[in-house]
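What follows is the residue order along each chain.
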Amino acid sequence: MLTIKHTESERNGLFEAWLDDVHVGELTYQRPILERMIIDHTHVFEGFEGQGIARQLVMATVDFARQNGRTIVPVCSYAHKVLTRTDEYMDILA
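Since the structure is predicted, the reported quantities are computational estimates derived from the model, not experimental observations.

Chemist: I tried to follow the overall build of the protein chain on my own but got confused; where do I start?
Modeler: Of regular secondary structure, the protein chain possesses 2 helices and 5 strands. Ordered by position in the sequence, the α and β elements of the protein chain form the string β-β-β-β-α-β-α. In terms of principal-axis extent, the alpha carbons of the protein chain reach across some 35 × 30 × 20 Å. Taking all 94 residues of the protein chain together, 36% fall into the buried category. Contacts in the protein chain between residues far apart in sequence, at least 24 positions, make up 37% of those at least 6 positions apart. Counting every atom, the protein chain has about 5400 Å² of accessible surface; 51% of that belongs to carbon and sulfur. The centroid of the 9 positive side-chain charges in the protein chain is displaced by 6 Å from the centroid of its 14 negative side-chain charges.

Take a look at the structure:
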């Protein structure tokens, strides 16, 4: 089962994807101000591509942003593609 763990410091954050005890991917973001998250990198490790892990990392970030009154700037090309494809995420885009 996929588990996503989140850690955050004053200026950046990390969402990590774990499949059982194996680290399979991550999404990093910068936080120049409290209310804004700049997604700068999404990566799924070799051998785990094509399983929807990157999308689940982006969705975990969206859920976190909505729950905490934040907006997202998707600099990462994958996150940008997911978040700008439909109007569903317009409420959290900066």
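Chemist: In this structure, what is going on with the packing of aromatic side chains? I would like to understand it.
Modeler: Within a pair of aromatic rings, the relevant descriptors are the distance that separates the centres and the angle that separates the planes. One pass over the structure, following the stated rule, counts 2 aromatic pairs. Aromatic pair Phe15 and Tyr29: ring centres 6.0 Å apart, planes at 40°, arrangement tilted. In this pair, Phe15 sits in strand β2 (residues 12-19) while Tyr29 sits in strand β3 (residues 22-30), placing the two residues 14 residues apart along the sequence. Classification of Phe15 by relative accessible area gives buried; the value is 3%. Residue classification places Tyr29 among the buried positions, given a relative accessible area of 0%. Three or more aromatic residues link up through ring pairs in this structure, and these residues are Phe15, Tyr29 and Phe64. Residue placement shows Lys5 over the ring face of Trp18; its charged tip is 4.9 Å from the ring centre.

Chemist: I'm lost on the pairing of strand β5 (residues 71-74) in this one. Help?
Modeler: Successive side chains on a regular strand alternate, one facing one side of the sheet and the next facing the other. Of the two faces of β5, only one is covered, namely that formed by Ile72 and Pro74; the face formed by Thr71 and Val73 stays uncovered. Running through helix α1 (residues 53-67), the crossover from strand β4 (residues 36-44) to the neighbouring parallel element β5 is right-handed.

Chemist: Even after reading the chapter, I still don't get the sheet that holds β4, so can you show me in this structure?
Modeler: Picture the strands of a sheet paired through backbone hydrogen bonds; they go either parallel or antiparallel. In spatial order, the strands read β1-β2-β3-β4-β5; together these 5 strands make up an open sheet with mixed pairing. With one partner strand each, in any of the chains shown, β1 (2-8) and β5 form the two edges of the open sheet. Direction aside, the axes of adjacent strands within the sheet are offset by 30° on average. With 8 bridges connecting them, β2 and β3 associate as antiparallel partners. Paired with Glu16 across the two strands is Glu26, which belongs to β3.

Chemist: Just to check I follow, could you spell out helix α2 (residues 77-84) for this structure?
Modeler: A turn of α-helix holds 3.6 residues, and therefore any two residues three or four places apart point the same way. Here α2 has its buried residues at Ala79, Val82 and Leu83. Buried residues of α2 fall within an arc of 90° about the axis and therefore sit on the same side. Next to the buried residues of α2 lie β4, α1 and β5.

The rules we used
- Residues numbered from 1 in each chain as written.
- Predicted model: local features only at pLDDT ≥ 70, side-chain atom pairs only at ≥ 80, totals over all residues.
- Heavy atoms only, no water.
- Helix = DSSP H or I, 4+ residues; strand = E, 2+ residues; numbered from the N terminus.
- Buried < 20%, exposed > 50% of the residue type's maximum accessible area, 1.4 Å probe, protein only.
- Contact = heavy atoms within 4.5 Å.
- Areas by Shrake-Rupley, 256 points an atom, 1.4 Å probe, with all protein chains shown as cover.
- Lys, Arg positive; Asp, Glu negative; His and termini not counted.
- Charge placed at Lys NZ, Arg CZ, Asp CG, Glu CD.
- Phe/Tyr/Trp six-rings, centres within 6.5 Å; stacked < 30°, edge-to-face > 60°.
- Lys NZ or Arg CZ within 6 Å of the ring centre and 35° of its normal.
- Right-handed = clockwise from strand over helix to strand, strands pointing away.
- Pairing = 2+ DSSP bridges.
- Axes fitted to C-alpha atoms, helices over the stretch in contact; angles between N-to-C directions.
- Arc of directions from axis to C-beta.

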